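Architecture and fold: a report
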Amino acid sequence: MTDDLEQFWSIMLGRDPESIRELWATLAAEEQTALYAHLQRMTTEEGWLEAQRISAQAALDALADLNDLPGKDE
């Protein structure tokens, strides 16, 4: 969708579920896997601002109903 990293993260952490899912759909499977793991780390690891944690959790919540999530079938 975009090569602009700043715009990518603005959308992914923008707390708009529809935009998050649309951006997610443009990613290759390996990119989705890496991004999902990164979002999970953002919600659990130290060093992230509270606003970043909330935004990462909002992204995970927006993706929660998708069937193609990494590890969903495990």
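As a reminder, the structure under discussion sits directly above these lines.
This section reports on the structure supplied with the text. Remember, predicted model here, so these are calculated numbers, not experimental data.

Parameters and conventions
Residues numbered from 1 in each chain as written. Predicted model: local features only at pLDDT ≥ 70, side-chain atom pairs only at ≥ 80, totals over all residues. Heavy atoms only, no water. Helix = DSSP H or I, 4+ residues; strand = E, 2+ residues; numbered from the N terminus. Buried < 20%, exposed > 50% of the residue type's maximum accessible area, 1.4 Å probe, protein only. Lys, Arg positive; Asp, Glu negative; His and termini not counted. Salt bridge = Lys/Arg side-chain N within 4 Å of Asp/Glu carboxyl O. Contact = heavy atoms within 4.5 Å. Axes fitted to C-alpha atoms, helices over the stretch in contact; angles between N-to-C directions. Parallel < 35°, antiparallel > 145°, perpendicular 65-115°, else oblique. Nonpolar A, V, L, I, M, F, W, Y, C, P; charged D, E, K, R; others polar.

1. Topic: the side chain of Arg-53
- Residue position: Arg-53 is located in helix H4 (residues 50–63).
- No salt bridge is formed by the buried Arg-53. Its closest oppositely charged neighbour is Glu-50, at 4.2 Å.
- Discounting chain neighbours no more than four positions away, the residues touching Arg-53 are Met-42, Thr-43, Thr-44, Glu-45, Glu-46, Gly-47 and Trp-48.

2. Focus on the packing of helix H1 (residues 5–12) against helix H2 (residues 17–25)
- Remark: H1 packs on H2, axes separated minimally by 8 Å, with the N-to-C direction vectors making an angle of 130 degrees. Relative to H2, the element H1 lies oblique. Packed against H1, whose contacting residues are Phe-8, Ile-11 and Met-12, the element H2 presents Ser-19, Ile-20, Leu-23 and Trp-24 at the interface.
- Looking at side-chain class alone, the contact of H1 with H2 contains six nonpolar, one polar and no charged residues.

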